[in-house]
Amino acid sequence: AVVSTQSTGSDCGEMFLRMIDCDDHIRKSHHKSSVMCTDCGKMYKTYHSLYQHKKRHQADSRFQCTTCIKDFPSKEALAQHFRRVHAPGNKHECPLCVCVPPKSYKRPHGLREHIQKHH
């Protein structure tokens, strides 16, 4: 059965095969109520966003940086962290960090943002 947003109070006329897709569309496009994380109370517009967020609460699915010991919810987040902070070629090192090796950034604005946020 095809689900229409017309049956849920929206007047846009979009059609969906699954009710969950219709609900996500309404939350995302028509600013209806959001879904909440039961672990921390954070609100999300779609169930998919909530699902991705809930992975962060699962301690056994964390990925740890071997350089600075920080942990991340996914391989992608760890890889992004490494590229931004530890990758060779990052020439702008923080003179205020006490960690070894010190945090470094590819561009000066990354270093400026780090100093403003952490020092």
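Up top you'll find the structure we're talking about.
Residues numbered from 1 in each chain as written. Predicted model: local features only at pLDDT ≥ 70, side-chain atom pairs only at ≥ 80, totals over all residues. Heavy atoms only, no water.

**Student:** Explain the side chain of His81 here, please?
**Tutor:** Assignment of secondary structure puts His81 in helix H3 (residues 75–86). You can call His81 buried: its relative accessible area is 9%. Look past the residues within four positions of His81 in its chain and what remains in contact with it is Cys65, Cys68, Lys70, Phe72 and His86. (Helix = DSSP H or I, 4+ residues; strand = E, 2+ residues; numbered from the N terminus. Buried < 20%, exposed > 50% of the residue type's maximum accessible area, 1.4 Å probe, protein only. Contact = heavy atoms within 4.5 Å.)

**Student:** Looking at this structure, I do not really get helix H1 (residues 19–30). What am I missing?
**Tutor:** Given 3.6 residues to a turn, an α-helix orients residues that are three or four positions apart in the same direction. Here H1 spans 15 Å end to end across 12 residues, near enough to the 16 Å set by a 1.5 Å rise per residue. By the burial criterion, the buried members of H1 are Cys22, Asp24, His25, Ile26 and Arg27. (Expected span 1.5 Å × (residues − 1).)

**Student:** Just checking my understanding: could you explain the layout of surface pockets for this structure?
**Tutor:** Empty space among the atoms becomes visible once a probe the size of a water molecule is rolled across them. Roughly 580 Å³ of volume is contained in the largest pocket. Looking at the largest pocket, it is lined by 18 residues, and the ones nearest its centre are Arg84, Val85, Tyr105, Gly110 and Glu113. Secondary structure elements with two or more residues in the lining of the largest pocket: H3 and helix H4 (108–118). Among the residues making up the lining of the largest pocket, the classes are represented as 4 nonpolar, 6 polar and 8 charged. (1 Å grid on protein atoms, 1.4 Å probe; cavity = no way out; pocket = protein on both sides within 12 Å on 5 of 7 lines; lining within 4 Å. Points joined across faces, edges and corners; volume = space filled by probe spheres on them. Nonpolar A, V, L, I, M, F, W, Y, C, P; charged D, E, K, R; others polar.)

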